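The chain contents come next:
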Amino acid sequence: TMAYSRLEIYYSTQNDMGIYHCTASNPVGNASQSVLLTVYEPADPPHILTAIATTNTILVTWRWPQFTGWLNLTRFDVRLQAPIQPVMTTRVHVNSAAADDNGNTTTVNLTGLRPFSNYSITVWSVNVLGQGPASRPFYIQTEPTAPDAAPRAFTAHGINGSTVVLSWGKVPDHNINGVLRG
């Protein structure tokens, strides 16, 4: 005779969740036991709704995921990336996040950014199991502002009594902060 029986569920997912019943029976009756199986998973990605840029900030708002892995969210990880600049990651803890009245959206202000720069924003939901999949990237450009450096080596030379030659070097690319008009 068999001492025990068992059911093994490999690579369990949400689809395996439910109440499982085990029944022992013989010719005179039966006895049952039930167990509830809950499968915890990382949360689904949030959905970025809007991003509003100034010259050096981006205000990002996202909708919480519908599925949180059957666990409470602990935080959101926000990654801001620009070409040729280090990646900036901000952790927004759920208990300190600015949420709307329904708790369905969260907003964070990303600061210290370069004017007239292209950025990619990605957000992850995090529960006790870790980071879930990333949101779709959101692309935005910060607003332009005045150059923060003058043209280099500005000089004036008199050629004769009626002609003056003015010359200057290029403003460094990282100081332009927009499109130069002249």
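Everything that follows concerns the structure shown earlier in this document.
Visitor: Please clarify how the overall build of the protein chain should be interpreted in this entry.
Guide: What the protein chain contains, in helices and strands, is one helix and 13 strands. For the protein chain, the α and β elements follow one another from N to C terminus as β-β-β-β-β-β-β-β-β-β-β-β-β-α. Viewed in the frame of its principal axes, the protein chain has a C-alpha envelope of about 125 × 40 × 20 Å. Across the 182 residues that make up the protein chain, the buried fraction comes to 29%. Summarising the internal contacts of the protein chain: among those between residues at least 6 apart in sequence, 57% fall at separations of at least 24. Summed over its atoms, the accessible surface of the protein chain is roughly 12,600 Å², and 54% of this surface lies on carbon and sulfur atoms. Within the protein chain, the 10 negative side-chain charges are centred at a point lying 11 Å from the centre of the 10 positive side-chain charges.

Visitor: Can you help me understand the packing of aromatic side chains in this one?
Guide: For any pair of aromatic rings, the description rests on two quantities: the centre-to-centre distance and the angle between the ring planes. Under the definition given, this model contains four aromatic pairs. Aromatic pair Trp62 and Phe76: ring centres 5.3 Å apart, planes at 65°, arrangement edge-to-face. Taken together, the residues span a long stretch of sequence, with Trp62 in strand β4 (residues 58–63) and Phe76 in strand β5 (residues 75–81) at a distance of 14 residues. With relative accessibility at 0%, the residue Phe76 sits in the buried group. Seen from their ring centres, Phe154 and Trp168 are 6.1 Å apart, and the 50° between their planes marks the pair as tilted. In this pair, Phe154 is assigned in the loop between β11 (138–141) and β12 (155–160) and Trp168 in the loop between β13 (163–167) and α1 (173–176), connecting sequence segments 14 residues apart. Chaining the aromatic ring pairs together yields one cluster made of Trp62, Trp64 and Phe76.

Visitor: What exactly am I supposed to notice about unusual backbone geometry here?
Guide: The phi torsion of most residues other than glycine is negative, and most of the peptide bonds are trans. Here Tyr11, not a glycine, exhibits a phi torsion of approximately 55°, which is positive. On the secondary structure map, Tyr11 appears in the segment before β1 (18–26). Given a relative accessible area of 80%, Tyr11 falls into the exposed group. A positive phi angle, close to 60°, is found at Asn177, a residue other than glycine. Take Asn177: it is sitting in the segment after α1. On the basis of relative accessible area, Asn177 is assigned to the buried category, the value being 5%.

Visitor: What should I look at first to understand the pairing of β12 in this one?
Guide: Within a regular beta strand, the side chains point alternately toward one face of the sheet and then the other, so they alternate between its two faces. Counting buried positions over the six residues of β12 gives zero, only a small fraction of the element. Across five bridges, β12 lies against β13 in antiparallel orientation. Residue His157 lies in a different strand from β13, and its bridge partner there is Val165.

Rules used in this analysis
Residues numbered from 1 in each chain as written. Predicted model: local features only at pLDDT ≥ 70, side-chain atom pairs only at ≥ 80, totals over all residues. Heavy atoms only, no water. Helix = DSSP H or I, 4+ residues; strand = E, 2+ residues; numbered from the N terminus. Buried < 20%, exposed > 50% of the residue type's maximum accessible area, 1.4 Å probe, protein only. Contact = heavy atoms within 4.5 Å. Areas by Shrake-Rupley, 256 points an atom, 1.4 Å probe, with all protein chains shown as cover. Lys, Arg positive; Asp, Glu negative; His and termini not counted. Charge placed at Lys NZ, Arg CZ, Asp CG, Glu CD. Phe/Tyr/Trp six-rings, centres within 6.5 Å; stacked < 30°, edge-to-face > 60°. Pairing = 2+ DSSP bridges.

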